[in-house]
Amino acid sequence: MQKSKSELQTEIKKRIAVIKFWDRVFLIIGLLSTLVGLVLLFTLMADLFVNGFPRLSYKFLSSFPSRFPEEAGILSAWAGSFLVLLVTALASIPLGIAAGIYLEEYARKNWLTDIIEINIANLAGVPSIVYGLLALGLFVYFFKFGESILTGGLALALLILPMVIMATREAIRAIPNSIREASYALGATKWQTVQSHIIPYSTGGILTGVIIGLSRAIGETAPIITVGALTFIAFLPTSPFSSEFPFISFKWLFDPFTVMPIQMFNWVSRPQQEFQLNAAAAGIVLMIMTLLMNGLAIYIRYRFRRKIKW
Amino acid sequence: MFKKFVLSMIAIIIMATVNVVVAGADDKIIKIDGSSTVYPITEAVAEEFQKAKRGAVKVTVGISGTGGGFKKFCRGETDISDASRPILKKEMDVCKEHGIKYVELPVAFDALTVVINPKNDWIRSMTVEELKKMWEPAAQGKVMKWSDVNPKWPNHKLSMFGPGADSGTFDYFTDAINGKEKASRGDFTASEDDNVLVQGVAHDKYAIGYFGLAYYVENKDKLKAVPIVNKGTTKAVSPSLATVMDGTYQPLARPIFIYVAEKALTKPEVKEFVTYYLSNAAKLTKQVGYVPLSKAHYDQAMKNFNGKKLGTGFGGKNEVGVRVDELLKRESHL
């Protein structure tokens, strides 16, 4: 039996209505899913701020830990976090960039590079505690660096190295081949091409990757505890500058240390309510540090993108 | 120009490195690690000691747990080890292997509290047997209601809260109540964060839980402590500073220790630190919510320390209901 034209029309309209209905359903599901994450994040942040904000003060930032919650501060914790990150950056940036450039520009495509690539991708997913154990065996016991800032920094450098390598490769891959060809056409060697074209053009992407890696490293606790970071430290590492010749000193590299997440964890596990507030305040400082670093990453990416035109 | 700059930078870096190697160990550092239970006391002592020495001596305190602390201690990596239980046989063997000798010093009491909701009106006190019936491994899946423990108690679901299996508190409670360390039913709400346990019991009329006395003292308004019947006197005793100190709150109170390495005593600052620890422990222990030993105990501990009484009085295993004065006079072994 043939359907009349109007019947067909209503059927098509109905079908369209059903499809559009599902379209809207998915829109709402998607929106709700997004909101769950955001609302949770904001609740957490609001909770942290309400609890911790009254404790934030110059004194909190400039005091050592104490058994009296109102006298306790995070000076040794943030100084420790800062110095560890400094070591991490100094170690992971040159290594990661060099490895990335090699893999992208120099390495031949063969089974060896394939294996290296697969391994780097896998390393990025290894739990951080494993890096802690590796660092404990390698840096603490084998190289005898002790339970020091140097060990902590190198452990975190291992952790973020795959991220830096990947970011470098992504950034280099985004450079059009015509740039390289133009450079070779003018008689430049490979290193000259890398030095004056590849590196400058990929700096934005690389730095973004580095900073995102570092902002992950700042919140890491497991590997740092494994290599023997301490909880109570009421002194600062040796100053890197001295009044005597040769004026700079690397002694701080071998000093014991603590970091922000460890200090927070210790306070959370205390019975006194006031210590919980301290932990919240330390959480705010840690979050501000992370946000600042991420903001810097966005800014750098923006600056470098604007400068480059091809 | 650029090359010159690089060369001079390298020269400076090499010199600075040499400097580090040459001037390696001029700092006075006392390294302490171990139990998280003892940590607050040691932290308080370290804080005061560093203030008194005006920063001339640096003290570091870590939290590796009693077992983790002994591992480092017996390898000779730390000067002092915090311990919430005596050193065990296998740890003593490791120490012997590395030639580490030590002095065992009790520094305070750690008391556990069994807590219930303030609205709970059927519990006046509990015996160790009742607690055992509730917490022993055989109770799992069977003792699910209050009336399963004692028919006079309500026929209502029993909600149980306790610390996780990694905690020293869990070890001690299971040892003291169930007779064997780590032997416990597994179907209770466990958390390493004692504040979670406090919240759990505070919001459920039919809840029971246990944790360190300090957490109860901080949350007295939300919780009720259960008096525990002392096996010797058959009297129910509530946990408090006085009952823990005079030894009547048993078996849920135990001494906690520091172990000082003999070779660290060649450093005058370590000797000074331990002396400072024992002389000020009474005051500082109370400030951080623990129960101090009596003055006689501290005096005897000081005597043991000055006389370098090496070894442990326990013989390599844990012990429930030990008396501190008797322990300090025991013959000790390495």
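Note that the structure is predicted; figures quoted are calculated from it, not measured.

Reading the values: rules and limits
- Residues numbered from 1 in each chain as written.
- Chains lettered and ligands numbered in written order.
- Predicted model: local features only at pLDDT ≥ 70, side-chain atom pairs only at ≥ 80, totals over all residues.
- Heavy atoms only, no water.
- Helix = DSSP H or I, 4+ residues; strand = E, 2+ residues; numbered from the N terminus.
- Buried < 20%, exposed > 50% of the residue type's maximum accessible area, 1.4 Å probe, protein only.
- Contact = heavy atoms within 4.5 Å.
- Areas by Shrake-Rupley, 256 points an atom, 1.4 Å probe, with all protein chains shown as cover.
- Lys, Arg positive; Asp, Glu negative; His and termini not counted.
- Charge placed at Lys NZ, Arg CZ, Asp CG, Glu CD.
- Buried area = accessible area lost by both parts, 1.4 Å probe.
- Salt bridge = Lys/Arg side-chain N within 4 Å of Asp/Glu carboxyl O.
- Polar contact = N/O pair within 3.5 Å; in protein donor to acceptor, adjacent residues only side chain to side chain.
- Phe/Tyr/Trp six-rings, centres within 6.5 Å; stacked < 30°, edge-to-face > 60°.
- Domains from an automatic or database assignment.
- Nonpolar A, V, L, I, M, F, W, Y, C, P; charged D, E, K, R; others polar.

Student: Help me out: how do you make sense of the overall build of chain A in this one?
Tutor: The helix and strand tally for chain A stands at eleven helices and one strand. In sequence order, the secondary structure elements of chain A are arranged as α-α-α-α-α-α-α-α-α-β-α-α. Based on the C-alpha atoms only, the size of chain A along its principal axes is roughly 100 × 65 × 35 Å. The buried share of chain A, reckoned over its 310 residues, is 42%. Residue pairs in contact within chain A that sit at least 24 positions apart in sequence constitute 74% of those at least 6 positions apart. A total of about 17400 Å² of accessible surface is found on chain A, and carbon and sulfur atoms cover 71% of it. Where the 26 positive side-chain charges of chain A centre and where its 17 negative ones centre are 9 Å apart.

Student: Could you clarify how one ought to interpret the interface of chain B and chain A in this entry?
Tutor: A common way to express how large an interface is: the accessible area buried when the components associate. Tallying the contact residues gives 40 residues for chain B and 31 residues for chain A. Buried surface at the junction of chain B and chain A, summed over both partners, amounts to about 2900 Å²; 55% is from carbon and sulfur atoms. Between B:K72 and A:E147 there is a salt bridge, with the nearest N and O atoms lying 3.7 Å from each other. Where chain B touches chain A, the interface holds nine residue pairs in polar contact (both at pLDDT 80 or more). Put simply, the parts of the chain that give the side of chain B that touches chain A at least two residues each are α1 (2-22), β1 (29-34), α2 (39-52), β2 (58-61), α9 (213-218) and α11 (268-287) of chain B. When residues of the side of chain B that touches chain A are assigned to their parent elements, the largest contribution, nine residues, is made by α2(B).

Student: Explanation requested: the packing of aromatic side chains in the structure shown.
Tutor: The relative placement of two aromatic rings is captured by the distance of their centres and the angle of their planes. All names here are of chain B. In total, this model carries 25 aromatic pairs over all chains according to the counting rule given. Between W135 and Y210, the ring centres sit 5.0 Å apart and the planes meet at 80°, which makes this aromatic pair edge-to-face. Taken together, the residues W135 in helix α5 (residues 128-135) and Y210 in strand β7 (residues 207-212) connect sequence positions 75 residues apart. Like W135, the residue Y210 is buried in the burial classification. Taking 5.8 Å as the distance between ring centres and 75° as the angle between the ring planes, the aromatic pair formed by W146 and W153 counts as edge-to-face. We note that W146, like W153, is buried. Put simply, the rings of F70, F73, Y102, F257, Y259 and F314 touch in pairs and so form one group of aromatic residues.

Student: In this structure, what is going on with the domain arrangement of chain B? I would like to understand it.
Tutor: Residues and elements named next belong to chain B. Domains assigned within chain B are domain 1 (28-109 + 256-329) and domain 2 (111-245). Between domain 1 and domain 2, the C-alpha centre-to-centre distance is 29 Å. In total, domain 1 and domain 2 occlude about 950 Å² of area from one another, counting both sides; carbon and sulfur atoms represent 66% of this. Considering only the surface of domain 1 that becomes buried against domain 2, F109, V291 and V320 emerge as the three largest contributors, covering 46% of it. Along the contact surface separating domain 1 from domain 2 lie zero salt bridges. At the junction of domain 1 and domain 2, the tally comes to zero residue pairs in polar contact (both at pLDDT 80 or more). Looking at side-chain class alone, the side of domain 1 that touches domain 2 contains six nonpolar, four polar and one charged residues.

Student: What am I meant to see in the domain arrangement of chain A here?
Tutor: Residue and element names in this part refer to chain A. Domains assigned within chain A are domain 1 (5-55) and domain 2 (58-307). Residue-level contacts link seven residues of domain 1 with eleven residues of domain 2. Approximately 780 Å² of surface area, both sides summed, lies buried where domain 1 meets domain 2, with 75% of it carried by carbon and sulfur atoms. Here domain 1 and domain 2 share zero salt bridges between them. One can count three residue pairs in polar contact (both at pLDDT 80 or more) joining domain 1 with domain 2. Residue composition of the side of domain 1 that touches domain 2, by class: four nonpolar, two polar and one charged.

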